[in-house]
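Overview (structure and organization)
Here is what each chain is made of, one letter per residue.
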Amino acid sequence: MFERFSRFQKILIPLISVVLGLIVGAIIMLVSGFNPIQGYAALLKGSLGESFYIGETIRQITPYIFAGLAVAFAFRTGLFNIGVEGQLLVGWVASVWVGLAFDLPKIIHLPMAILAGALAGALWAFIPGILKARLRVHEVIVTIMMNYIALHFCNYLIRFVISDEQNTTDRVPESASLKSPFFETLTEFSTMHYGIFLALAAVIIYYIILERTTTGFELRSVGFNQNASEYAGMNVNRNIVLSMLISGAFAGLGGAMEGLGTFGYGFIHGAFSGVGFDGIAVALLGGNVALGIVFAAALFGILKQGALIMPLESGVPTELVEIVIAIIIFFVASSYIIAYLLQRLKKGAK
Amino acid sequence: MDYVVEMLNIRKEFPGIVANDNITLQLKKGEIHALLGENGAGKSTLMNVLFGLYQPEKGEIKVKGKTVKITSPNIANDLGIGMVHQHFMLVDTFTVTENIVLGLEPKKGLNIDMKKAEKDVQEISDRYGLKVDPKAKIADISVGMQQRVEILKTLYRGAEMLIFDEPTAVLTPQEIKELTQIFRTLIKEGKSIILITHKLKEIIEVCDRVTVIRKGVGIETLDVEGTTPTQLASLMVGREVLFKTDKKPAVPKDTVLEISKLNVKDSRGVDAVRNLDLTVRSGEIVGIAGVDGNGQSELIEAITGLKKIQSGSVKLNGKEISKYKTRKITEAGVGHIPQDRHKHGLVLDFPIGDNMVLQTYYSKPYSKYSVLNNKEINKQAKKLIQEFDVRTPSETTPARALSGGNQQKAIIGREVDRDPDLLIAAQPTRGLDVGAIEFIHKRLIEQRDNGKAVLLISFELEEILNVSDRIAVIYEGNIIAIVDPKETTEQELGLLMAGSKKKVGAE
Amino acid sequence: MKKRKFGMALSMFLAAGTVLAACGSDEAETGNEGGNGSGGEAETSEFSVAMVTDTGGVDDKSFNQSAWEGLQAFGADNGLEEGTGGYTYFQSNNDADYVTNMNTAVRNDFDLVFGVGFLLTEAIQQVAAQQTDTNFAIIDSVAEGDNVASITFKEHEGSFLVGVAAGLTTESNKIGFVGGVESDLINKFAAGFKAGVEAVNPDAEVTIEFAGDFNNASRGQQMAAAMYGSGVDVIYHAAGGTGNGVFTEAKNLKEQDPDRAVWVIGVDRDQYEEGQVGDNNVTLTSMVKRVDVAVQDVSKRAMDGDFPGGEIIEYGIQEEGIAIAESQDNLTQEILDTIADYQQQIVDGEIEVPSTLE
């Protein structure tokens, strides 16, 4: 009955999901004995209330945009890149490594380090891509496993190759750093860096590649219908690999933002950063379209950043925000329920 | 009058359209009642209302004289209404019996009593002459058999009235004959049948009465006896329809496609095309007649580069193309209307406009330096939509939203517009109504008259006989006879298709 | 279409997972109820102190929790209230949160900010350099800066003592060590432990392995299963959450065969409770790291105007920052005496416990 959602519904469903998520969150706060208004006020204050928090929120949004783009790009080609987390980690380490290993003028050094991140992420995604294209190995399985390989491989590199058996690498020099003294002063020492501009540029590139080029035409076509694409003379396997490469590059760039911007160094990860997995949710909430991803990433950034101060300001534990996010994703994922409700509502109104 | 099912003045709306408006259909006990209409006329909607999938806005449904409200297929089942869908709903890895009893398994303690189930199934099968092996796996039996399993399923659930949705669309001529026989047995055993179809010949052959609907409105119910196909067709389409496709004699010239000693394996690695020779010249339509699964698909895939050949040669205008990739073959001048338009022909989620440039998007003027030029794409789409009478709200409508006939027209427009030297049309009219069929046949003949070569593959003998200038009969991957359509009959072709090499006169 | 359905299933699964996970950790959180933004006016003191957890969270049953207990005790002793102007914690859900939380604490005018765990070293260095008016303290690591105190522990000393216990308890003469991530810090545990075993039982063989992860209980369980399977009867874990898997495996074995000798030595806190299985308990003893003592001590000194900025403070047995657990049911008096003996020797400086392997 609702085989295809109208454009209006495509926008409405995530919006309603967000509202529902917030409402359920409020109910949970009430039930647990907290004041939801205070809770959400704290959340807003902690994310957008002061220039410092705005800076931190923007910093948080940056990798979310990249991770969301990475997941969405693969998805548009009919691929499930669950390996964004791993691609992000290798991108992180690669960019820091190049940042540390060379001594070059900033104009060369910084782009080189960023590019290294993109390349590493692409390379990491290439493996599941080629396995899928050549041997039809399901990319979900391979990407998940590649995440673990990435985690431990990166830890090894940091510990034994890039640093001298340390837990962290040295800080990348100024010539390879995305850190922005200007923003830091503007936002009272937040960790906001120049990465957000790269993220927004990536969004535009995402849109252009996918919607405006012949390559994007092929990728989307393969994503929707491999048989018809083959019939039309497109090289399906090439497109699968290409899609994973580009997806991985986005993820790797996200890692470079963390490595050269947020942190400025690499360190041993005891567990996954979670950004890559959140990217799946960002892409889903953003409907896999460029602008949607920006909004979804912004929402995630605001929620996650605002959550940090909630316990202090209102006593509400930060985990509540995780619940809200989970509920939003739940509603988006079960969008059929909302579409159904919308339809009933329309009928009722008539 | 003794009606088993009556649908009175049914009206069903969907947002923006009225799918059924004031339609009345009355099914007598023991009759085969045809529901005739073009694609999109509202046949399926009406039947889905009867089967409980949709709720009508207005109207009344009576079963055996009693007014009922059918809110779900389960209720329909309880009322004795069974439906055999066009797309079978069977679990491939289960046996026939397992599929049939699914959801209604006879229990022995906690276990399913398979013995009893098998016995029951065998019994019903024998009674209606279905000849189904209860222990066979669905994946191992033919499409025709699978359909019978669907019939058995409804009978097992105690159906009194059976709805068949386009049952012959997937069958071979032989299977169609057998299905007709099954219909008769069912009637003899006291069942009633509604047959959804747009094939006029079938109606004349097996049905007692026919209800014609057009654009969602019930036009007329009449006895089949005494009607002619022409009469039914014009009722359905709303205008005069020409049956015999008008065409001048062919003037074949140079050889365009030359296949020799071609061998192709199918996806399981079994030889599907064996030492096949075939030529198609410019200015002629060669029809390939054969029962499904005799290598037709593999032959097309080999010509179009979708499948690797084992040995042999395929020449287009004298140039060997068997080593080419699909794109190069397309560029060399081959057009291909694929057998399965949803699987191969269209990217259903793409706008119809993008589908119009599915093979040419990378070339000027649709793109420059790899950047798409949507203006040009839409211009082209608009042109084809107009030229080929594709009925769509706009060129940005997703292909999925179009009716089958219009989707097919879009594909044909796309292929013909590239002006290929060789046009391969695989079942180009499958599932379409007479209006669309007429249109498509005209276009194929037009191509021929423009000096192009056309290769037509169809399981419909009538179509082959009507459109082709030469008929090549394919059997087990080999062309076993070339006949002139003017000098052959359906019977003769049928025998050839069944593998008989000798020319036998009509009985 | 198929793919889309799969995607939906996957996202539902993920969503459900997140809900559950979030719910799970939410419960333990309600201890924070009393705090609210406005009630932060400290009456008896101007001094306020905050801590920033690492990603383990404040309820990690390990040093984050221990540090928070220290802060709570400090608050109670000095009449501070939880919240702004008193004492509080900031939970980090992600590595990227460290700097933010640190800065947020400074912005809320806390006088002293603890960074709990070596993961926060870089973050504290960075923020301390910018926020020179606030004092910082890093636990388990060394950070630079005149306004930063580095709090470290002589884990090797405590590990030596539990090593003594292990060496005297083992029957198979095979002893295991499960470390979290191989690092200088964890190597201190291993080195001290090994030295302790060798001091009392030179024949015993100590197998040292690392899980590569502090938060992977199933990996810990696998490693423990392999060790116990090869005849090891005492395992010392210095692996945080991963160590919970070691306990699980030991308890399983004990449950199957109550007579079998399987022991776990706990770390950081008294992990006696974790070892309880029916009437038996597999926790031999625990090496207790009194993060709470250190936190209280440094807080006190800061409040008294004696903040040890720029210094590295080492808490060992002598400073009461390191101890053997109070639950001693599974140790014979003889062993306890031996431990006490060695403990005295360490305090007296007669034994120099090695802090690195080899």
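For the structure itself, consult the block above.
Description of the structure in this document.

Conventions and cut-offs
- Residues numbered from 1 in each chain as written.
- Chains lettered and ligands numbered in written order.
- Predicted model: local features only at pLDDT ≥ 70, side-chain atom pairs only at ≥ 80, totals over all residues.
- Heavy atoms only, no water.
- Helix = DSSP H or I, 4+ residues; strand = E, 2+ residues; numbered from the N terminus.
- Rg over C-alpha atoms; globule rule 2.2 N^0.38 Å.
- Buried < 20%, exposed > 50% of the residue type's maximum accessible area, 1.4 Å probe, protein only.
- Contact = heavy atoms within 4.5 Å.
- Areas by Shrake-Rupley, 256 points an atom, 1.4 Å probe, with all protein chains shown as cover.
- Lys, Arg positive; Asp, Glu negative; His and termini not counted.
- Charge placed at Lys NZ, Arg CZ, Asp CG, Glu CD.
- Buried area = accessible area lost by both parts, 1.4 Å probe.
- Salt bridge = Lys/Arg side-chain N within 4 Å of Asp/Glu carboxyl O.
- Polar contact = N/O pair within 3.5 Å; in protein donor to acceptor, adjacent residues only side chain to side chain.
- Axes fitted to C-alpha atoms, helices over the stretch in contact; angles between N-to-C directions.
- Parallel < 35°, antiparallel > 145°, perpendicular 65-115°, else oblique.
- Left-handed = near helix turned anticlockwise from the far one by under 90°.
- Nonpolar A, V, L, I, M, F, W, Y, C, P; charged D, E, K, R; others polar.
- Pairing = 2+ DSSP bridges.
- Patch = residues over 30% accessible without salt bridge, like charges linked within 9 Å, V, L, I, M, F, W, Y side chains within 5 Å.
- Expected span 1.5 Å × (residues − 1).
- Right-handed = clockwise from strand over helix to strand, strands pointing away.
- Core = buried A, V, L, I, M, F, W, Y, C linked by side-chain atoms within 4.5 Å.

Turning our attention to the overall build of chain A. From N to C terminus, chain A includes 15 helices and 0 strands. Its C-alpha atoms give chain A a radius of gyration of 21 Å, within 12% of the compact-globule value 20 Å for 350 residues. Burial statistics for chain A: of 350 residues in total, 61% are counted as buried. The long-range share in chain A, meaning contacts at least 24 apart out of those at least 6 apart in sequence, stands at 76%. Total accessible area on chain A is roughly 13,200 Å²; 71% of this is exposed by carbon and sulfur atoms. Counting 21 positive and 20 negative side-chain charges, chain A places the averaged centre of each group 16 Å from the other.

A few words on the overall build of chain B. Helix and strand content of chain B: 17 helices and 24 strands. In summary, chain B has a C-alpha radius of gyration of 24 Å against a globular reference of 23 Å for 507 residues, a match within 12%. Taken along its principal axes, the extent of the C-alpha atoms in chain B is 70 × 50 × 50 Å. In chain B, which comprises 507 residues, the share counted as buried stands at 54%. In chain B, the proportion of contacts linking residues at least 24 apart, taken out of those at least 6 apart, comes to 67%. Accessible surface, chain B as shown: approximately 22,700 Å² in total, 49% of it carbon and sulfur. Treating the 72 positive side-chain charges of chain B as one cloud and the 70 negative ones as another, the clouds have centres 3 Å apart.

Taken residue by residue, the interface counts 58 residues in chain A and 52 residues in chain C. Counting the surface lost from both chain A and chain C, the interface buries some 4,700 Å², and carbon and sulfur atoms represent 58% of this. Put simply, chain A and chain C have 3 salt bridges between them. Between the two partners, chain A and chain C, sit 11 residue pairs in polar contact (both at pLDDT 80 or more). Listing elements by their share of the side of chain A that touches chain C, those giving two or more residues are helix H3 (51–76), helix H6 (139–162), helix H11 (236–262), helix H12 (275–285), helix H13 (290–314) and helix H14 (319–333) of chain A.

So, on to the pattern of salt bridges. Residue and element names in this part refer to chain A. Per the counting criterion, the structure on display carries 48 salt bridges over all chains. For the salt bridge of Arg59 with Glu56, the shortest nitrogen-to-oxygen distance reads 2.6 Å. On the criterion of helical spacing, the pair formed by Arg59 and Glu56 is a turn pair, its members being 3 residues apart in helix H3. You'll find Arg59 and Glu56 in the same group, each marked buried.

What follows concerns the packing of helix H9 (residues 214–224) of chain A against H11 of chain A. Residue and element names in this part refer to chain A. At their nearest, the axes of H9 and H11 sit 10 Å apart, and the two run at 105° to each other. Viewed along their axes, H9 and H11 adopt a mutual orientation that is roughly perpendicular. Where H9 abuts H11, its residues Thr215, Glu218, Leu219 and Val222 lie against Val236, Arg238, Asn239, Leu242 and Ser243.

This paragraph deals with the packing of helix H1 (residues 7–31) of chain A against H14 of chain A. All names here are of chain A. Direction vectors running N to C along H1 and H14 enclose 145°, while the axes themselves pass 8 Å from each other. The two elements H1 and H14 meet at a crossing, and its hand is right-handed. Contacts from Pro14, Ser17, Val18, Leu20, Gly21, Leu22, Val24, Gly25, Ile28 and Met29 of H1 reach H14 at Leu320, Ile323, Val324, Ile327, Ile328, Phe331 and Val332. Partitioning the contact of H1 with H14 into residue classes produces 14 nonpolar, 3 polar and no charged.

So, about the environment of Ala143 of chain C. By the secondary structure assignment, Ala143 of chain C is in the loop between strand S4 (135–139) and strand S5 (148–153). Through-space distance from the C-alpha of Ala143 of chain C to that of Lys289 of chain C is 20 Å; in sequence the pair is 146 residues apart.

With that out of the way, let us pick up the sheet that holds strand S14 (residues 271–281) of chain B. All names here are of chain B. One open sheet accounts for 4 strands, arranged S14-S13-S16-S17; its pairing is antiparallel. Bordering the open sheet on either side are S14 and strand S17 (319–320), each of which pairs with just one other strand. Pairing of strand S16 (residues 311–316) with S17 involves 2 bridges; the strand directions are antiparallel. Along S17, the bridge assignment pairs Lys315 with Glu320. Relative to strand S13 (residues 255–265), helix H9 (residues 296–303) is tilted by about 120°, and along the sheet it contacts S13, S14 and S16.

So, about a nonpolar patch on the surface. All names here are of chain A. There is a patch of nonpolar side chains on the surface, built from Val19, Ile23, Ile27, Leu30 and Val31 and spanning about 490 Å² of accessible area. Mapped onto the secondary structure, Val19 falls in helix H1. The class for Val19 is partly exposed, based on a relative accessible area of 47%.

Turning next to helix H4 (residues 84–101) of chain A. A rise of 1.5 Å per residue sets the reference length of H4 of chain A, with its 18 residues, at 26 Å; its end C-alpha atoms lie 25 Å apart and thus fit the reference within 8%. Of all the 18 residues making up H4 of chain A, 15 are buried; the element is thus mostly covered by neighbouring parts of the structure.

Residues and elements named next belong to chain B. In this structure, the amide linkage connecting Lys364 to the following residue, Pro365, adopts the cis form with an omega of 0°. If you trace the backbone, Pro365 turns up in the loop between helix H12 (352–356) and strand S19 (367–368). Notably, Asn275 is not glycine yet its phi reads approximately 45°, a positive angle. You can see Asn275 is positioned in strand S14. The backbone of Asp419 shows a phi angle near 55°, a positive value even though the residue is not glycine. Along the chain, the position of Asp419 falls in the loop between helix H14 (404–417) and strand S21 (422–426). Assessed through its relative accessible area of 43%, Asp419 is described here as partly exposed.

We now examine the sheet that holds strand S8 (residues 234–238) of chain C. Residues and elements named next belong to chain C. What the 6 strands build is an open sheet, ordered S7-S6-S8-S9-S12-S14; its pairing is mixed. Where the open sheet ends on each side, the last strands, each with one partner, are strand S7 (205–210) and strand S14 (322–324). Strand-to-strand, the axes of this sheet are offset by a mean angle of 15°, without reference to chain direction. Both strand S12 (residues 283–289) and S14 contribute to a ladder of 3 bridges, which runs antiparallel. Paired with Met287 across the strands is Ile324, a residue of S14. Relative to the sheet, helix H7 (residues 217–229) contacts strand S6 (174–179), S7, S8 and strand S9 (263–268), its axis offset from that of S7 by approximately 160°.

What follows concerns the pairing of strand S11 (residues 209–214) of chain B. All names here are of chain B. The buried fraction of S11 amounts to 5 of the 6 residues, a majority that puts the element mostly inside the structure. Bridge count for strand S3 (residues 32–36) against S11 is 4 bridges, and the pairing is parallel. The residue of S11 that forms the bridge with Ala34 is Val210. The sheet contact formed by S11 and strand S12 (residues 217–223) spans 6 bridges and is antiparallel. For Arg214, the partnering residue across the bridge sits in S12 and is Val217.

On to the pairing of strand S3 (residues 112–116) of chain C. Residues and elements named next belong to chain C. Here S3 lies mainly inside the structure; 5 of its 5 residues are buried. Side chains of S3 alternate between two faces, with Leu112, Phe114 and Val116 and Val113 and Gly115 buried alike. Pairing of strand S1 (residues 49–52) with S3 involves 4 bridges; the strand directions are parallel. Looking at S3, one finds that Ala50 is bridged to Val113. As defined by bridge partners, S3 adjoins S4 across 5 bridges and the pair is classed as parallel. By the bridge assignment for S4, Leu112 is matched with Asn135. Crossover handedness for the path S3 to helix H4 (residues 121–130) to S4: right-handed.

Counting 93 residues, the largest nonpolar core has Ile65, Leu69, Tyr206, Phe250, Leu260 and Phe300 of chain A as the members making the most contacts within it. Considering every element that reaches this core, the biggest residue donor is H3 of chain A, with 10 residues. When neighbours within four sequence positions are excluded, Phe250 of chain A is seen to be in contact with Phe66, Leu69, Ala70, Phe73, Ala202 and Tyr206 of chain A. Counting 65 residues, the second largest nonpolar core, distinct from the first, contains Val58, Phe193, Ile265 and Ile313 of chain C.

What follows covers the environment of Gly57 of chain C. Residue and element names in this part refer to chain C. Here Gly57 is to be found in the loop between S1 and helix H2 (63–78). The class for Gly57 is buried, based on a relative accessible area of 1%. When residues no more than four places from it in sequence are discounted, the contact partners of Gly57 are Asn64 and Gln91.

Attention now moves to helix H8 (residues 242–256) of chain C. For H8 of chain C, built from 15 residues, the straight-helix expectation of 21 Å at 1.5 Å per residue is met to within 8% by its first-to-last C-alpha distance of 22 Å. Buried residues of H8 of chain C: Thr242, Gly243, Gly245, Val246, Phe247, Glu249, Ala250, Leu253 and Lys254 of chain C, and no others.

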